[in-house]
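The chain contents come next:
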Protein chains: 2
Amino acid sequence: MEGGRRGGRKARAARTVAAGPVQRPFAQPRLGWEPTRGVSDDELEAIHRASLLVLRDVGIDVLHAGARKLLASEGADAVDDEPRVRFDPDMVTELIDHAPPEFTLHARNPDHDLRMGGDAIAFGAVASAPNVSGRGRPRHPGTHEDFQGLVQLSQFLNAVHFHGGYPVEPIDLHPSVRHLHATFDLLTMSDKAIHAYSLGRQRSLDCLEMTRIALGLTDDELDGKPSVFSVINTSSPLRLDTPMIEGIIELSARNQPIVITPFTLAGAMAPVTLAGALVQQNAEALAGIALTQAVRRGAPVIYGGFTSNVDMQSGSPAFGTPEFLRAALVGGQLARRYHVPYRSSNVNAANSLDPQAAYESMFSLWGAVMGGANMIMHAAGWMEGGLCASFEKMVLDAELLQMVEAALEPVIVDDATLALEAIADVGPGGHFFGTDHTQERYRTAFHAPMLSDWRNFESWVEADSPTADRKAAELVDEFVGAHTDPPIDSDTREELAAFVDRRVAEGGVATDF
Amino acid sequence: MEGGRRGGRKARAARTVAAGPVQRPFAQPRLGWEPTRGVSDDELEAIHRASLLVLRDVGIDVLHAGARKLLASEGADAVDDEPRVRFDPDMVTELIDHAPPEFTLHARNPDHDLRMGGDAIAFGAVASAPNVSGRGRPRHPGTHEDFQGLVQLSQFLNAVHFHGGYPVEPIDLHPSVRHLHATFDLLTMSDKAIHAYSLGRQRSLDCLEMTRIALGLTDDELDGKPSVFSVINTSSPLRLDTPMIEGIIELSARNQPIVITPFTLAGAMAPVTLAGALVQQNAEALAGIALTQAVRRGAPVIYGGFTSNVDMQSGSPAFGTPEFLRAALVGGQLARRYHVPYRSSNVNAANSLDPQAAYESMFSLWGAVMGGANMIMHAAGWMEGGLCASFEKMVLDAELLQMVEAALEPVIVDDATLALEAIADVGPGGHFFGTDHTQERYRTAFHAPMLSDWRNFESWVEADSPTADRKAAELVDEFVGAHTDPPIDSDTREELAAFVDRRVAEGGVATDF
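Residues numbered from 1 in each chain as written. Chains lettered and ligands numbered in written order. Predicted model: local features only at pLDDT ≥ 70, side-chain atom pairs only at ≥ 80, totals over all residues. Heavy atoms only, no water.

Draft legend 1. Main features of helix 6 (residues 178–188) of chain B. Residue and element names in this part refer to chain B. The buried count for helix 6 comes to 10 of 11 residues, which makes it a mostly enclosed element. Burial in helix 6 covers these residues: R178, H179, L180, A182, T183, F184, D185, L186, L187 and T188. On its buried face, helix 6 is in contact with helix 5 (144–156), strand 9 (194–195), helix 7 (201–214) and helix 20 (490–505). (Buried < 20%, exposed > 50% of the residue type's maximum accessible area, 1.4 Å probe, protein only. Helix = DSSP H or I, 4+ residues; strand = E, 2+ residues; numbered from the N terminus. Contact = heavy atoms within 4.5 Å.)

Draft legend 2. View of the environment of H195 of chain A. Residue and element names in this part refer to chain A. Among the secondary structure elements, H195 is positioned in strand 9 (residues 194–195). A C-alpha to C-alpha distance of 25 Å links H195 and A357, two positions 162 residues apart in sequence. Apart from residues no more than four positions distant in its own chain, H195 is found in contact with H163, G164, G165, V228, F229, S230 and V231. Reaching out from H195, the side chain makes a polar contact with the backbone nitrogen of V231 at a distance of 3.0 Å. (Polar contact = N/O pair within 3.5 Å; in protein donor to acceptor, adjacent residues only side chain to side chain.)

Draft legend 3. Inspection of the nonpolar core at higher detail. Core analysis: the biggest nonpolar cluster contains 314 residues, and W366 of chain A together with W366 of chain B have the highest contact counts within it. Those residues within four positions of W366 of chain B in sequence are excluded, and the remaining contacts are M362, L365, W366, V369, M370 and V404 of chain A together with L325 and G371 of chain B. (Core = buried A, V, L, I, M, F, W, Y, C linked by side-chain atoms within 4.5 Å.)

Draft legend 4. Just the interface of chain A and chain B, in detail. Between chain A and chain B, the residue contacts involve 144 residues of the former and 143 residues of the latter. Summed over both sides, the interface of chain A with chain B buries roughly 12,200 Å², with 67% coming from carbon and sulfur. Between the two partners, chain A and chain B, sit two salt bridges. Note that R139 of chain B is salt-bridged to E458 of chain A, the shortest N-O span being 3.7 Å. Linking chain A with chain B are 34 residue pairs in polar contact (both at pLDDT 80 or more), by the criterion used here. By residue number, the principal contributor to the side of chain A that touches chain B is helix 12 (residues 355–370) of chain A, which donates 11 residues. For the side of chain A that touches chain B, the class distribution of residues is 79 nonpolar, 39 polar and 26 charged. (Buried area = accessible area lost by both parts, 1.4 Å probe. Salt bridge = Lys/Arg side-chain N within 4 Å of Asp/Glu carboxyl O. Nonpolar A, V, L, I, M, F, W, Y, C, P; charged D, E, K, R; others polar.)

Draft legend 5. Structural detail: the relation of the copies chain A and chain B. It takes a turn of 180° to lay chain A on chain B, together with a shift of 0.0 Å along the axis; the resulting RMSD is 0.0 Å. The superposition operator between the copies reduces to a two-fold rotation axis. For chain A, the smallest separation between a C-alpha atom and the rotation axis is recorded for P355 of chain A, amounting to 2.2 Å. Looking at chain A, 99% of its interface residues are interface residues in chain B too, so the copies touch through the same face. (Least-squares fit on C-alpha atoms with pLDDT ≥ 70 in both.)

Draft legend 6. Geometry of the sheet that holds strand 15 (residues 308–310) of chain B. Residue and element names in this part refer to chain B. Strand order in the open sheet formed by three strands is 13-15-16, with mixed pairing between adjacent strands. Since the sheet does not close on itself, it has two edges, and those belong to strand 13 (265–266) and strand 16 (317–318), each with one partner. With two bridges joining them, strand 13 and strand 15 adopt parallel strand pairing. The partner of A266 across the bridge, within strand 15, is N309. (Pairing = 2+ DSSP bridges.)

Draft legend 7. Main features of the side chain of H179 of chain B. Residues and elements named next belong to chain B. Structurally, H179 can be placed in helix 6. Under the relative-accessibility criterion, H179 is labelled buried at 3%. A polar contact is formed between the side chain of H179 and the side chain of D206, at a distance of 2.8 Å. Beyond its immediate chain neighbours, meaning those up to four positions away, H179 contacts Y166, R203, D206, C207 and V509.

Draft legend 8. Quick peek at the environment of V500 of chain B. Residue and element names in this part refer to chain B. Examined against the element boundaries, V500 turns out to sit in helix 20. Spatially, the C-alpha atom of V500 lies 9.0 Å from that of D206, the residues being 294 residues apart in sequence. When neighbours within four sequence positions are excluded, V500 is seen to be in contact with L180, H181, F184 and M210.

Draft legend 9. Representation of the side chain of T417 of chain A within the structure. In this structure, T417 of chain A sits in helix 14 (residues 415–418). Taking relative accessible area as the criterion, T417 of chain A reaches 10% and is therefore assigned buried. A distance of 2.8 Å separates the side chain of T417 of chain A from the backbone oxygen of I412 of chain A, its partner in a polar contact. Setting aside its immediate chain neighbours within four residues, T417 of chain A contacts I412 of chain A together with T273, A275 and G276 of chain B.

Draft legend 10. View of the pattern of salt bridges. Residues and elements named next belong to chain A. For the coordinates displayed, the defined rule picks out 54 salt bridges over all chains. Where D453 meets K471, a salt bridge forms, and the shortest distance between an N and an O atom there is 3.3 Å. Of the two residues, D453 sits in the loop between helix 16 (436–439) and helix 17 (457–462) while K471 sits in helix 18 (residues 468–482), which places them 18 residues apart along the sequence. K471 shares its class with D453; the two are buried.

This is the structure we're talking about:
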């Protein structure tokens, strides 16, 4: 009878290891495995060629006269008073060739610097959710307090490598000054790499300046050190909006990373066929990447894939679907074809921390990781297709991410691990627990979960039947309670605070509301 | 702001498709992608060589004099009155070379025949659990009624391709006649391929005869048509027990498939290092495969991998872990090295249908599928490390399996799917829902879930916040209620019943309890 829990009794005597969840250290996993190819090389070329035809024959609406002028100077077909820009294929491929295959995204704490590209993977916190759930409160629109709590939790969790933006929108901060307070929190409550929203020129400049201050850099030094990135969503289909273009212009000029991410939902803003949605994703991504290189040759840029589908019954977007997984694989092939780092996401459409939230997330991680993603956005805490950030989901995702990190550790094959001596010593019918080979290694031999409960049913019931969602809620309280702001030079902190004070006094960025 | 549920409103008008879960048709998915290699080719050879050394220098305890004699006649080092058999490496590789790389496992309904090997994948129902949960009853030891319910659900779910054994042990059927009643149910309530437990010679003979009757074959025809398989678990470390060997002898002689599956829990019955546990798994698997070929050259046999680890804190076995995933990948490399089909599993250690059950299962499916598994045992319904079969988990797993099936569908890349015309027609800023390209395809364009709820939070709350576990419970009732026994020739059914009656009257198989 297979699969019973045999053989554990002797080992049970070994309850010498301290209980309680132990995090893995902060470290970027590396994909030692070959990425999975979702289409053949010929099919990939067909998608590539089709997207160049879209750029040449249909073009992109570029809602920024300066950008149109810049692209025209590179050889694109653009006229001053019309948004449409048509791209010469050779110009596009020549421009994207300048994008670096790899770069380092710097953090305030150099230990949290991140390699972007190659086989390196980085996990980001949930970003841009309007609502928040968890910590015993019903789901509600995000506040500054929620924002700070999620920043603290992101800082505490080693599996979260960078901030993808605002984990939740702090709607009680007025939009004219929100970026100032939020960026101050990100740079002081955390020392991990940060993101700046592309919401117009002045906000980008403010975030660049705050990053410069926090990292203790001169202007020139910042230009040589990618330290704050911005995600640029195309307005699919085939449109680049003004604030997004301003973000590209400001950040690429300063050599800061841009992540071009078309949000191509098949059946809505993109063709209903996966190949067609990928053609459009690729056309939009290439246009954006080309623009970054037109702004500054060699500026760091990441190819973002976010193709998923809508539910044709309800019209709702769906995430963590088979379509998402396959698109994530092909997106990676396209990014590698262009020798630029690749961004994907950990997504799901669940409305509660139920099995759906878990299996859709793990399924999208399967696609993102095997697709060769270097940057995985929304890796921790994203729910409801992006409409809600969840404290509990952030801890649950950290568990998933640590499983991925452990799985990606190389299997060590050498004389010691092949264990021929131990196998011979134990022999048929024996047990390995008492052997030196085991005793020397058992404390660190296996991945230790934060949430997964491996007790048998009876012990688990005795412990009041803790489910993973309940345990996640308990850990949220423990982890947020354990957070302390990472050290920061007091002069630097004062300079940051003074900058925020001054800019707030100036009214921040004028809004008409 | 990325990730909001944009663009769905227009599509929402299209609620013309009938609601309610729709299953995918019964069909084996194929792994069009390259399997993932968990170790390099050199490392694989090191594991291979080490396992041959174990077989040569340590050997295996073979608890069956006839089998020892047979192996000795092939050149193994065995003496009559001692269990230990040492295997000459050349003998092992010569024998396993006779195992067929692919074969068909036949079912009573030819539409449910399964290809085993190559890139084909087959999903099996949970097997051998002592306990059962679901259908509104608390977890309890399995009964004949539970057994029948799970057989019916396995028959109803298209994502379940075969029976892996008894989904739950029907403990109210006396062991002397249990195999007769259970096999009768499997062959009449279902028409999918079945498994026979290796619990001694007579039970194997009874199951072979019942399979022969059910499939309407002569003895000779059965010999040419693999139609009932048996999983052989080695008694790790390094031991083959008597009933298991009897199963190999009876089934291999009749050309019926054997699945050799060492149950190598690292840290307990196998070395604490993954490489060492794989060496032992491989040694045990090769010994078992060699024995099948000693019994009958060319008999179908499958390489089973089940290496996982124990939790060194509690001593409990852990499943769906990073260690399991990596071992599943390397197991597939080993099976492909020997050109035999590969078996893996969908496993988890959760005690309830919580997020853990979902993410551990999806994680183990990631390992099994990317490892190139042809046969995935326990694919639907397995919980608690094998100690419980769950009706609800079976439906939840069917959802996961259908996601995998859909993800493995090739991305079609041709002029129609590249959608250049549709992209040009819609143009920048447009919407694809109304286009002919979409309208012609939207009904079948995307995977439709059975469980996943993609409504927005407000609609979901309005619908009483249905979680995936609750929806699974509702579907269990619906599906079991919808089951009808598949057609069977009345003479065949009578012959089967008469056989069972006669063998029951004879007392079945004598037991001493």
